[in-house]
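# Fold and contact review
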Amino acid sequence: MARQQPPLYEVHEAAGASFTDFGGWDMPVEFDSIRTEHSAVRESAGIFDVSHMGEIEVSGPDATTLMQRLTTNDVTALDPGDSQYSTITDEDGIIIDDTVVYRLPDGTPAGEAVDGRLAAGEADGDHPAYLFIPNAGHDDQAYTRWVEYRDDHDLDADVENTTDAWAMFAVQGPDAPDLVFDAVETGSGGIESTAGGGDAAAVRDLSKFQATHAEVAGVESWVARTGYTGEDGFEVVCPAVDAEAVWNAFDCQPCGLGARDTLRMEFGFLLSGQDFDPEENPRTPFEAAIGFAVALDTEFVGRDALAAQQEAGVDETFTGLVLEERGVPRHGYEITDGDGTTIGELTSGTMSPTLNQPIGLGYVDVDYADDGTEVAVAVRGEEKRATITAPPFID
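Report on the accompanying structure. (Residues numbered from 1 in each chain as written. Predicted model: local features only at pLDDT ≥ 70, side-chain atom pairs only at ≥ 80, totals over all residues. Heavy atoms only, no water.)

### What to know about the packing of aromatic side chains
Using the following cut-off: Side-chain rings of Phe, Tyr and Trp, where Trp is taken by its six-membered ring, are said to pair if the distance between their centres is within 6.5 Å; with planes under 30 degrees apart they count as stacked, over 60 as edge-to-face, and otherwise as tilted. Secondary structure elements are taken from DSSP: a helix is a run of H or I of four residues or more, a strand is a run of E of two residues or more, and numbering for both begins at the N terminus. Cation placement over rings: the criterion is NZ of Lys or CZ of Arg within 6 Å of the ring centroid and within 35° of the ring normal.
Scanning the model with the defined rule gives 10 aromatic pairs in all. Note on Y9 and F19: the rings are 4.3 Å apart at their centroids and 35 degrees apart in plane angle, and the pair reads as tilted. Of the two residues, Y9 is situated in helix α1 (residues 9-14) and F19 in strand β1 (residues 18-22); the sequence distance between them amounts to 10 residues. When the ring centre of Y363 is taken as reference, the NZ or CZ atom of R283 above it lies at 3.8 Å.

Below, the structure is given as structure tokens:
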């Protein structure tokens with residue numbers, strides 16, 4: 001089956017990017033080098049093409065009920081323009097995917113993607129509309145799950161998979177806010193902001209996990225103060241047909257998925273399909289240390305199983321470690337007690353470009369999960385000393 005390509009595939013190819021298969025997409029893995037791109041984000045700014053992420057829009061009288069039933073966080077806590085991290089779980093509380101859910105501003109009109117306004121239908125105070133972001137290659141699965149649940153429970157909601165209509169870029173790093181503010185100020189002019197004071201003022205006023213409509217380089221876009229690197233920054237969703245204009249509006253280091261991976265590992269962020277997988281590594285939010293994304297006082301698929309697990313406690317938990325000897329911890333390496341007994345398994349690992357130390361993420365028996373606990377990692381059959389270190393690994 002042919003892999004999907006982001007709207008700017010040829011632009012990235014001309015810029016010398018190398019590509020990798022990720023979630024069925026041909027995505028840039030690096031432009032210059034992972035270390036160069038990683039350092040740019042930590043020290044100044046970088047831009048990532050994350051158009052492989054999905055976009056599902058939900059609207060209508062029962063949109064809130066549908067979102068509440070199929071995500072674990074409390075969507076009723078969202079005001080217009082707010083977002084939240086959440087998970088999608090099965091009846092057993094196993095994570096199918098993690099996601100960010102946005103409540104779209106009231107008054108967002110229905111329309112085609114080229115109009116630059118996200119919404120499957122009219123959003124107003126009585127009938128909120130939502131956008132949620134499945135991980136790469138999961139958009140069809142999420143769309144089907146939402147539609148089937150809606151139909152099985154006779155809910156009145158419109159569900160649209162608009163992934164192909166949009167491009168998505170992440171501008172991240174200490175200098176990212178100024179870059180985004182400048183791009184909005186030079187391109188503003190068409191949309192009345194939900195925060196007041198025009199596009200530029202609305203974007204400047206955004207706190208973490210807030211978003212608004214704004215023009216970026218003259219292109220009507222959805223601008224969110226979110227990201228996956230641990231740094232300040234924004235994610236910009238724009239019509240695919242205008243992707244190149246928006247990409248070129250940011251004069252900073254282009255970055256690939258290689259640097260995105262090392263950056264997220266330094267902060268201990270989960271990667272769907274690697275740090276959890278419903279088939280190969282089934283985990284619940286409580287095991288994955290993201291219980292903050294679970295609102296047990298709401299009714300969602302998997303709620304009863306998770307309530308029981310919270311009461312009983314978990315046997316293993318997601319945490320990090322630093323390898324104290326030469327080597328690089330990798331996905332699938334066993335974590336041991338130093339005397340040959342397996343107590344867990346790594347799901348991610350790298351040589352931290354910031355710390356120049358080998359770091360790993362994974363699941364470990366709760367009896368060994370305290371910070372500072374001495375453990376070992378079996379690297380090619382040899383136990384190497386390591387220390388449990390809860391992420392983030394850097395300030």
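That shown, we press on.
### Focus on helix α4 (residues 139-152)
Applied cut-off: For a helix, the expected span equals 1.5 Å multiplied by the number of residues minus one. Buried residues are those whose accessible area, probed at 1.4 Å on protein chains only, stays under 20% of the maximum for their type, while exposed residues exceed 50% and partly exposed ones sit between those limits. Here the arc refers to the set of directions running from the helix axis out to each C-beta atom.
Taking 1.5 Å per residue, 14 residues should reach 20 Å; α4 reaches 20 Å between its end C-alpha atoms and fits that length. Those residues of α4 not exposed but buried are D139, A142, W146, V147, Y149 and R150. Viewed end-on, α4 has its buried residues packed into an arc of 165 degrees, placing them on one side of the element. Relative to its buried face, α4 has exposed residues pointing more than 90 degrees away, namely D140 and D152.

### With respect to the pairing of strand β18 (residues 374-379)
As a reminder of what qualifies: We call two strands paired when DSSP finds no fewer than two bridges between them.
Counting buried positions along β18 gives five out of six residues, so the element sits mostly inside the fold. Inspection of the sheet shows strand β15 (residues 334-336) paired to β18 by two bridges, in the antiparallel sense. For T336, the partnering residue across the bridge sits in β18 and is A376. Note: β18 against strand β19 (residues 382-388), six bridges, orientation antiparallel. In the sheet register, V377 faces β19, and the bridge partner there is K384. Joining the antiparallel neighbours β18 and β19 is a turn of two residues, in which R380 adopts a positive phi near 50 degrees.

### Describing empty space enclosed by the protein
Spelled out, the test is: Definitions used throughout: a 1 Å grid over protein atoms alone; a cavity as a set of points that fits a 1.4 Å probe which cannot get out; a pocket as an open set with protein on both sides within 12 Å along at least five of seven lines; a lining residue as one with an atom within 4 Å of a point. Grid points are joined across faces, edges and corners, and a volume is the space filled by probe spheres set on the points. Residues are grouped as follows: Ala, Val, Leu, Ile, Met, Phe, Trp, Tyr, Cys and Pro are nonpolar; Asp, Glu, Lys and Arg are charged; all remaining types, including Gly, are polar.
Overall, the coordinates contain three cavities of 30 Å³ or more when judged by the stated rule. In this structure, the largest cavity is lined by I88, I96, D97, Q141, A142 and R145. Where the lining of the largest cavity is concerned, the elements lending two or more residues are β6 (95-103) and α4. With three residues, α4 is the single largest residue contributor to the lining of the largest cavity. Considering only residue class, the lining of the largest cavity consists of three nonpolar, one polar and two charged.

### Re helix α2 (residues 34-43)
The condition is simple: Any two residues having at least one pair of non-hydrogen atoms within 4.5 Å are treated as being in contact.
Listing the buried residues of α2 in full gives E37, H38, A40, V41 and R42. Structurally, α2 contributes buried residues whose contacts are with β2 (25-30), β3 (46-49), β9 (166-172), β13 (253-255) and α8 (257-266).

### Some thoughts on the pairing of β9
Across the seven residues of β9, seven count as buried, placing the element largely inside the fold. Judged by which residues are buried, β9 turns out to be covered on both faces: W166, M168, A170 and Q172 on one side and A167, F169 and V171 on the other are all buried. Pairing between β3 and β9: four bridges, direction antiparallel. Residue pairing across strands places D49 opposite F169, the latter belonging to β9. In the sheet, β9 pairs with strand β12 (residues 233-239) via seven bridges, with the strands oriented antiparallel. Bridging from a neighbouring strand, Q172 pairs with G233 of β12.

### Digging into the packing of helix α3 (residues 63-70) against α4
As a reminder, the rule being used: Angles run from 0 to 180 degrees between N-to-C directions of axes, and those axes are lines fitted to C-alpha atoms, restricted for helices to the stretch in contact. For any pair of crossing helices, the crossing counts as left-handed if the nearer helix is rotated counterclockwise from the farther one by less than a right angle, and right-handed if it is rotated clockwise.
Two numbers describe how α3 lies on α4: the axes approach to 11 Å, and their chain directions differ by 115 degrees. Taken as a pair, α3 and α4 cross one another with a handedness that is right-handed. Packed against α3, whose contacting residues are L66, M67, R69 and L70, the element α4 presents R145, W146, Y149 and R150 at the interface. Here the contact of α3 with α4 is built from residues that sort into five nonpolar, no polar and three charged.

### Regarding unusual backbone geometry
Geometrically, the link from P391 to P392 is a cis peptide bond, its omega value of 10 degrees lying close to zero. Within the secondary structure, P392 is located in the segment after β19. Unusually for a residue other than glycine, D154 sits at a positive phi of about 55 degrees. With respect to the secondary-structure elements, D154 resides in the loop between α4 and β8 (158-161).

### As for the layout of surface pockets
Gaps between atoms show up when a probe of the same size as a water molecule is rolled over them. One number sums up the size of the largest pocket: a volume of about 840 Å³. Lining the largest pocket are 37 residues, with Y85, F209, G227, Y228 and F269 positioned closest to its centre. Secondary structure elements with two or more residues in the lining of the largest pocket: β6, β9 and β12. Here the lining of the largest pocket takes four residues from β6, the largest share from any one element. For the lining of the largest pocket, the per-class residue count stands at 19 nonpolar, 11 polar and seven charged. Within this model, the second largest pocket holds a volume of roughly 220 Å³. As for the second largest pocket, its lining consists of 13 residues, of which A136, H138, S272, G273 and D277 are closest to the centre.

It is worth stressing that arrangement in space is one thing and function is another; only the former is reported here.
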